[in-house]
Amino acid sequence: MTAIDFKRFFGKMAPSPSSPVRVMAKETAIVASHINLVYRNGGEEFNALQDVSLTVKSGEVHLLMGPSGSGKTTLLSILAGLLTPTSGQVHLLGEEITQFSRPRLAAFRLQHLGFIFQGFNLFPALTACENVEVAFHLKGTHQARRQAIELLDQVGLADRCNHRPQALSGGQKQRVAIARALAGNPQLIMADEPTAALDSQNGHAIIELLRSLAKTSGRTVLIVTHDPRILDVADRVTDLEDGKIVTKLTKAKPGQQ
Ligand SMILES: Nc1ncnc2c1ncn2[C@@H]1O[C@H](COP(=O)(O)OP(=O)(O)OP(=O)(O)O)[C@@H](O)[C@H]1O
Ligand SMILES: [Mg+2]
């Protein structure tokens, strides 16, 4: 991620501890209703999403799948509040984020949402620890270094704290990106193709990490992927094609009908 992207995601405003964003716990973590997105370039228009409605329940691992160009990144960006839909509403944790002002949206994202960008998006000049620490600084958290080390330990990288991204493997970079997304223990984790740039061994390690994060913490995890191996960890799958939802699948769990 470039510095500009990072700023765009986290925004400029950290929530002050004395004025937390009010969020009600809801059974549905993410609700998208009748989303349309039209990209406009010069005189040309492209309907990237057409009447997309989607519900992600609290605590589930939900996959968004579909061919290249079907609108997955566009939809994820809208659900994360990074892109404003042309029409339609997005509710996260019971709050309609499509009604939020920019500062309020930035504060909400900082507090409740961890986003893992495709292609790692680490700051190349910062060490692994500093890449995680910066998220704690933005949140106004004390003891950012100590907490960054704890998170790197959680993803199995405590011994790489002082390494810059260029000295890390692809899988290690992705784990730093995941640690950064976990800073502040957000309820929602969104990941865009978290295994796409990884070989099969590293891809498998990241899938296991995402599985344990979702299953041991009760977080809601939404993953955009082409990777069929991630199907094993999913509770539900939504398929997009040409900007429209074509199938929604609920996977039966052991003991369920
Ligand atoms: N800024 C933009 N301007 C115009 N068209 C765009 C823009 N961004 C994306 N698109 C188009 O919108 C469609 C959906 O793009 P998107 O990136 O959401 O697809 P995707 O499903 O994530 O694809 P991939 O699997 O290749 O990452 C594509 O046809 C793409 O060319
Ligand atoms: Mg994409």
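K.L.:
I tried to follow the overall build of the chain on my own but got confused; where do I start?
P.N.:
A count of helices and strands for the chain gives seven helices and ten strands. With 257 residues in all, the chain has 42% of them scored as buried. Once local pairs closer than 6 in sequence are excluded, the contacts in the chain between residues at least 24 apart make up 70%.

K.L.:
Quick question: what am I supposed to make of the site of ligand 1 here?
P.N.:
Taken together, Tyr 39, Asn 41, Phe 46, Ala 48, Gly 66, Ser 68, Gly 69, Ser 70, Gly 71, Lys 72, Thr 73 and Thr 74 make up the full set of residues near ligand 1. Broken down by secondary-structure element, the contributors of at least two residues to the shell around ligand 1 are β1 (28–41), β2 (44–57) and α2 (72–79). Sort the elements by how many residues they give to the shell around ligand 1 and α2 lands first, with three residues. Residues belonging to the shell around ligand 1 are distributed by class as follows: three nonpolar, eight polar and one charged.

K.L.:
Help me understand helix α6 (residues 170–182), please; the structure alone is not making it clear to me.
P.N.:
Taking 1.5 Å per residue as the helical rise, α6 with its 13 residues ought to reach 18 Å, and the 19 Å between its terminal C-alpha atoms agrees with that figure. Of all 13 residues in α6, twelve are buried, a share of seventy percent or more. Gly 171, Gln 172, Lys 173, Gln 174, Arg 175, Val 176, Ala 177, Ile 178, Ala 179, Arg 180, Ala 181 and Leu 182 are the residues of α6 that are buried. Residues of α6 that are buried in the fold lie against β6 (113–116), α4 (128–138), α5 (144–154), β7 (188–192) and α7 (200–217). A positive phi of about 80° marks Gly 184, the residue just after α6.

K.L.:
Sorry, what's going on with the sheet that holds β6 here?
P.N.:
Consider a sheet: its strands pair through backbone hydrogen bonds, and that pairing is either parallel or antiparallel. What the six strands build is an open sheet, ordered β6-β7-β8-β3-β9-β10; its pairing is mixed. Single-partner strands in this sheet number two, and they are β6 and β10 (244–250). Each neighbouring strand pair of the sheet contributes to a mean axis angle of 15°, computed without reference to strand direction. Two elements, β6 and β7, share four bridges in a ladder whose sense is parallel. Each residue of the ladder has a partner; that of Phe 115, found in β7, is Met 190. Its contacts with the sheet place α6 against β6 and β7, and it is angled at close to 165° to β6.

K.L.:
Is there a simple way to think about the sheet that holds strand β5 (residues 95–96) in this case?
P.N.:
Read from one edge to the other, the open sheet built from four strands follows the order β2-β1-β4-β5, with strand pairing classed as antiparallel. Taken across any chain shown, the strands that pair with only one partner, and hence form the sheet edges, are β2 and β5.

K.L.:
Sorry, what's going on with the pairing of β10 here?
P.N.:
The side chains of a regular strand alternate, residue by residue, between the two faces of the sheet. In the sheet, strand β9 (residues 236–241) pairs with β10 via six bridges, with the strands oriented antiparallel. Considered in β10, the bridge of Thr 238 is made with Lys 248. The loop that links β9 with its antiparallel partner β10 comprises two residues; one of these, Asp 242, has a positive phi angle of about 50°.

K.L.:
Explain the packing of α4 against α5 to me, please; I cannot follow it from the model alone.
P.N.:
A pair of packed helices can be characterised by two numbers: the angle between their axes and the separation between those axes. Interaxial distance between α4 and α5 falls to 8 Å at its minimum, and their mutual angle equals 120°. By the angle class used here, α4 and α5 are oblique. For α4 against α5, the interelement crossing comes out right-handed. Of α5, the residues touching α4 (which contributes Ala 128, Cys 129, Val 132, Glu 133, Phe 136 and His 137) are Ala 144, Arg 145, Gln 147, Ala 148, Ile 149, Leu 151 and Leu 152. For the contact of α4 with α5, the residue count by class is nine nonpolar, two polar and two charged.

K.L.:
Help me understand α2 in this model?
P.N.:
Because an α-helix packs 3.6 residues into every turn, residues spaced three or four apart end up facing the same way. The buried fraction of α2 amounts to six of the eight residues, a majority that puts the element mostly inside the structure. Of the residues making up α2, those classed as buried are Lys 72, Thr 74, Leu 75, Leu 76, Ile 78 and Leu 79. Looking one or two residues past α2, Gly 81 carries a phi angle of roughly 75°, positive in sign.

K.L.:
Just to check I follow, could you spell out the nonpolar core for this structure?
P.N.:
A general tendency of soluble globular proteins is for nonpolar side chains to be buried together. Among the nonpolar cores identified, the biggest contains 72 residues, and Leu 79, Val 132, Leu 152 and Met 190 are the most heavily contacted of them. For Leu 152, the contacting residues outside a window of four places in its chain are Ala 128, Cys 129, Val 132, Leu 157, Ala 158, Cys 161 and Ala 179.

K.L.:
Could you clarify how one ought to interpret the confidence of the model for the chain in this entry?
P.N.:
The predicted coordinates of low-pLDDT regions are not to be read in fine detail. Averaged over all residues, the pLDDT of the chain equals 85, while 87% of them reach at least 70. Across the chain, element-level confidence peaks in strand β4 (residues 87–92) with a mean pLDDT of 98 and bottoms out in helix α1 (residues 3–10) with 42.

K.L.:
So what exactly am I meant to see when it comes to the environment of Glu 130 here?
P.N.:
Along the polypeptide, Glu 130 turns up in helix α4. Under the C-beta neighbour-count criterion, Glu 130 is labelled partly exposed, with 18 such atoms within 10 Å. Spatially, the C-alpha atom of Glu 130 lies 7.8 Å from that of Ala 148, the residues being 18 residues apart in sequence.

Rules used in this analysis
- Residues numbered from 1 in each chain as written.
- Chains lettered and ligands numbered in written order.
- Predicted model: local features only at pLDDT ≥ 70, side-chain atom pairs only at ≥ 80, totals over all residues.
- Helix = DSSP H or I, 4+ residues; strand = E, 2+ residues; numbered from the N terminus.
- Buried ≥ 20, exposed ≤ 12 C-beta atoms within 10 Å, placed from the backbone.
- Contact = placed C-beta atoms within 7 Å.
- Near = placed C-beta within 6 Å.
- Nonpolar A, V, L, I, M, F, W, Y, C, P; charged D, E, K, R; others polar.
- Expected span 1.5 Å × (residues − 1).
- Pairing = 2+ DSSP bridges.
- Axes fitted to C-alpha atoms, helices over the stretch in contact; angles between N-to-C directions.
- Parallel < 35°, antiparallel > 145°, perpendicular 65-115°, else oblique.
- Left-handed = near helix turned anticlockwise from the far one by under 90°.
- Core = buried A, V, L, I, M, F, W, Y, C linked by C-beta atoms within 7 Å.
- pLDDT = per-residue confidence, 0-100.

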